[in-house]
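# Chain and residue survey
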Amino acid sequence: MDQALTKIPEEKPMSAKIIDGKAYANGLASKITAAVPSFNTATGRLPGLAVVLVGSDPASEIYVRSKVLKTRELGMRSFEHILPSDTKQEDLLRLVTDLNADDAVDGILVQLPLPKHLDENAVVSAIDPSKDVDGLHPENAGRLTAGLSGLISCTPLGCLMLLQAQLGDLSGLDAIVVGRSILVGKPMAALLLRANCTVTIAHSRTRNLPDKVRQADIVVAAVGQAEMIKGDWIKPGATVIDVGTTRVERGGKKKLVGDVEFEAAMQTAAAITPVPGGVGPMTIMTLMHNTVVAAHRRSRLAVPQLC
Ligand SMILES: NC(=O)C1=CN([C@@H]2O[C@H](COP(=O)(O)OP(=O)(O)OC[C@H]3O[C@@H](n4cnc5c(N)ncnc54)[C@H](OP(=O)(O)O)[C@@H]3O)[C@@H](O)[C@H]2O)C=CC1
Ligand SMILES: Nc1nc(=O)c2c([nH]1)NC[C@@H]1CN(c3ccc(C(=O)N[C@@H](CCC(=O)O)C(=O)O)cc3)C=[N+]21
C-alpha cells in the first residue's frame, strides 16, 4: 500500500479547556446587581452582609477585603467586624447574637479558621440559620443532606455551577472529592450526590488515592497541599475542579498554586479550573448570591432566578 496513505498524522498533545471562573462569576454578578433595586423597592432597604474576622492572618485579610469590596460593588451593604486575635469566646458569641438581631444584616460570615482558643462549632451554631450564608450551621448542612432547601456552602455551590456549565447534566458520572472538611469536602460531596453522581470521598487516610482518582469523570480537589494530585492520575477526558490555594515560592517569586499539578493535568483532562481565576472568584460571588437569597427569604419575597 502507498506509504503516504497509511501514514498516521502525528498525535497532537491534548490540551484541556480552562474553565474561566472569573468570567462565570462576572455573569452571575450582573444578575445579582439587577436583583438589588427591586429588593430595595419592595423593602426600603438593601441586602446586607456582615463579615467577621478574628485575628490578622494576611491571607484571611485579603479574602475578607475582597468580600467587602464585592458586596459594595454589587450595591449591597457591608458590615465589617475585625476583632483582635485574643478575643474571648463570649465576646465573639455576643457579636454573633447582635448580628442575628440586627434587621439590616441578612448574611453573617465568620471567617475560618478561628484562633485555636475559640470553639468554632459553638460560634457557627450560634449563627441564625436564616442568615448563615456560608451554609455551615448544622441545620443548613443537615438540610442539604436531607434534600431540603436551605443555604448552601459558597465554595461547593460555585464548583457545582462550574461543573454544570461545563458538563450539563451530571447524572451517572463518577465523581471523587478529595478532602472532607465541613467547609468544602462534605457539602461538595452532598451536592454531587444530589446531582446524581456516584461519589467517592477521599481524605488523609484513603488508600491508593491515585487509583481512585483515575476512575473519576469529575475530580474536586480540596486538600490544601500544593500540586499533590498528579497529572497522570487524571482520567483522560475528566473535568477537574481545583479548590486548593497554597502560597508557594517559585524562582524567588511568591505564587498561588492549587492542589492539582496544573500543566500535567492539562494534557489529559477535558477541562480544568486554574488557580487563581477558577474557584476563588466563584466563592466570593456565591456568597453574594446567598446574601441576596437570604435577604429575599427573610423578607418573605420570592427568590429571583439568579443561576
Ligand atoms: N478557592 C476557594 O474559594 C477556597 C479555597 N479553599 C482552599 O481549599 C483547601 C482546602 O480547604 P479546607 O477544606 O478548608 O481544608 P481543611 O484543612 O479543613 O481540609 C483538608 C482536607 O484534606 C484532607 N487531606 C489532607 N491531606 C491529604 C492527603 N495527603 N490525601 C488526601 N486527603 C488529604 C484532610 O483529610 P482529614 O480529614 O483526614 O484530615 C481534610 O479532609 C485549602 O487550600 C483552602 O485554602 C478553601 C475554601 C475556599
Ligand atoms: N467561613 C469561611 N468561609 C469561606 O468561604 C472561607 C473561609 N471561611 N476561610 C478561608 C477560605 C478560603 N476562601 C477563599 C475565598 C476566595 C478566594 C479567592 O478569591 N482567590 C482568588 C485569588 C486571591 C489571591 O490572589 O489571594 C482566586 O483563586 O482567583 C480564595 C479562597 C474562602 N474561605
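Residues numbered from 1 in each chain as written. Chains lettered and ligands numbered in written order. Predicted model: local features only at pLDDT ≥ 70, side-chain atom pairs only at ≥ 80, totals over all residues.

Quick note on the threshold: UniProt positions are given in the numbering used here, feature names are shortened, and annotations may be inferred rather than shown by experiment.
As recorded by an unreviewed UniProt entry, the protein carries the name Bifunctional protein FolD and is attributed to Aliidongia dinghuensis. Recorded under Sequence similarities (unreviewed entry), the UniProt text for the protein is reproduced unchanged: "Belongs to the tetrahydrofolate dehydrogenase/cyclohydrolase family." The protein has a UniProt comment under Subunit (unreviewed entry) that states "Homodimer."

### Points about the environment of Phe-262
Test applied: In this text, helices come from DSSP runs of H or I with a minimum length of four residues, and strands from runs of E with a minimum of two, each type numbered from the N-terminal end.
Relative to the elements of secondary structure, Phe-262 occurs in helix H10 (residues 262-266). C-alpha of Phe-262 to C-alpha of Pro-129: the two residues are 133 residues apart in sequence and 37 Å apart in space.

### Digging into the site of ligand 1
Counted only if it meets this: Residues are counted as near a molecule or strand when the C-beta atom, derived from backbone positions, lies within 6 Å of that molecule or strand. Gly falls in the polar group here, along with every residue not listed as nonpolar (Ala, Val, Leu, Ile, Met, Phe, Trp, Tyr, Cys, Pro) or charged (Asp, Glu, Lys, Arg).
Near ligand 1 there are 26 residues, and of these Gly-179, Ser-181, Ser-204, Gly-224 and Thr-283 occur at the shortest range. Here the element with the most residues in the shell around ligand 1 is helix H11 (residues 279-298); it accounts for three residues. Along the lines of polarity and charge, the residues of the shell around ligand 1 split into 10 nonpolar, 14 polar and two charged.

### Looking at the nonpolar core
A general trend in soluble globular proteins is that nonpolar side chains are found buried together. To keep things clear, this is the line we draw: Connectivity within a nonpolar core runs through C-beta atoms within 7 Å, and the core itself is a set of buried Ala, Val, Leu, Ile, Met, Phe, Trp, Tyr and Cys residues. Using C-beta atoms placed from the backbone, we call a residue buried if 20 or more other C-beta atoms fall within 10 Å of its own, exposed if 12 or fewer do, and partly exposed for counts in between. Throughout, a pair of residues is in contact if the C-beta atoms placed from their backbones lie within 7 Å.
Core analysis: the biggest nonpolar cluster contains 85 residues, and Val-177, Val-219 and Val-220 have the highest contact counts within it. In this structure, Val-177 is in contact with Gly-185, Met-188, Ala-189, Leu-192, Val-199, Ile-201, Val-220 and Ala-222, ignoring residues within four places of it in sequence.

### What to know about the site of ligand 2
Close to ligand 2 lie 19 residues; Tyr-63, Leu-112, Pro-276, Gly-280 and Thr-283 are nearest. Among the secondary structure elements, those contributing two or more residues to the shell around ligand 2 are helix H3 (58-73), strand S4 (107-110), helix H7 (154-167) and H11. Looking at the shell around ligand 2, the element that brings in the most residues is H11, giving four residues.

### What about the domain arrangement of the protein?
Rule in force here: Note that the domain bounds reflect an automated or database-derived domain assignment.
Per the domain assignment, the segments of the protein are domain 1 (43-134) and domain 2 (154-280). Relative placement of domain 1 and domain 2: their C-alpha centres are 28 Å apart.

### As for the sheet that holds strand S2 (residues 48-54)
Basically, it comes down to this: Any two strands with at least two DSSP-identified bridges between them are counted as paired. All axes are obtained by fitting lines to C-alpha atoms, using only the stretch in contact for helices, and the reported angles, taken between N-to-C directions, cover 0 to 180 degrees.
Reading across from one edge, S3-S2-S4 is the order of the three strands in this open sheet, with parallel pairing throughout. The open sheet has two edge strands with one neighbour each: strand S3 (77-83) and S4. Recorded for the sheet is a direction-independent mean angle of 15 degrees between the axes of neighbouring strands. Direction of pairing for S2 relative to S3: parallel, over a ladder of seven bridges.

### A closer look at the packing of H3 against H11
This is how it is decided: Angle categories: roughly parallel below 35 degrees, roughly antiparallel above 145, roughly perpendicular from 65 to 115, and oblique for all the rest. Two helices that cross are described as forming a left-handed crossing if the nearer one is turned anticlockwise from the farther one by less than a right angle, and a right-handed crossing if clockwise.
Where H3 contacts H11, the two axes come as close as 10 Å, and the packing angle between them is 50 degrees. For the element pair H3 / H11, the angle class is oblique. Relative to H11, the crossing made by H3 is right-handed. Taken together, the residues of H11 that come into contact with H3 (itself represented by Ser-66, Lys-67, Lys-70 and Thr-71) are Ile-284, Leu-287 and Met-288.

### Quick look at the sheet that holds strand S8 (residues 239-242)
Taken together, the six strands give an open sheet; going across it, the order is S1-S11-S8-S7-S5-S6, and neighbouring strands pair in parallel fashion. The sheet is open, and its two borders are formed by strand S1 (17-18) and strand S6 (198-202), each paired with just one other strand. Taken together, the five bridges between strand S5 (residues 174-178) and S6 define a ladder with parallel strand orientation. Opposite Ile-176, over in S6, you have Thr-200 as the bridge partner.

### Points about H11
A turn of α-helix holds 3.6 residues, and therefore any two residues three or four places apart point the same way. Keep this limit in mind: Residue count minus one, scaled by 1.5 Å, sets the expected span of a helix.
Over its 20 residues, H11 extends 28 Å from the first C-alpha to the last, a length consistent with the 28 Å expected when each residue adds 1.5 Å. Here H11 lies mainly inside the structure; 18 of its 20 residues are buried. In the stretch just after H11, Arg-300 is the one whose phi turns positive, near 55 degrees.

### What about the UniProt feature "domain: Tetrahydrofolate dehydrogenase/cyclohydrolase catalytic" (unreviewed entry) in the protein?
UniProt's feature table lists "domain: Tetrahydrofolate dehydrogenase/cyclohydrolase catalytic" (unreviewed entry) at residues 19-134, given in the numbering used throughout. End-to-end, the C-alpha atoms of residues 19-134 are 24 Å apart, and along that stretch the chain is 51% helix and 16% strand.

### Notes on the confidence of the model for the protein
So the rule is basically this: The score called pLDDT rates the predictor's confidence residue by residue, from a low of 0 to a high of 100.
Residues at a pLDDT of 70 or more form 96% of the protein, whose mean pLDDT is 95. Across the assembled chains, the prediction reports ipTM 0.98 with pTM 0.95.

### Observations concerning helix H2 (residues 21-43)
Relative to the 33 Å expected for 23 residues at 1.5 Å per residue, H2 spans 32 Å between its end C-alpha atoms, a close match to the ideal helical length. Those residues of H2 not exposed but buried are Gly-21, Tyr-24, Ala-25, Ile-32, Ala-35 and Phe-39. If you follow the buried residues of H2, they end up packed against H7 and H11. A positive backbone phi angle near 75 degrees is found at Gly-44, which sits one or two residues after H2.

### Description of unusual backbone geometry
With glycine set apart, most residues show a phi of negative sign, and most peptide bonds adopt trans. In this structure, the amide linkage connecting Leu-112 to the following residue, Pro-113, adopts the cis form with an omega of -5 degrees. Structurally, the position occupied by Pro-113 is in the loop between S4 and helix H5 (120-126). Residue Val-275 is joined to Pro-276 through a cis peptide bond whose omega torsion reads -5 degrees. Its place among the elements puts Pro-276 in the loop between strand S11 (271-272) and H11. For Asn-196, which is not glycine, the phi dihedral falls at a positive 70 degrees. In this structure, Asn-196 sits in the loop between helix H8 (185-194) and S6.

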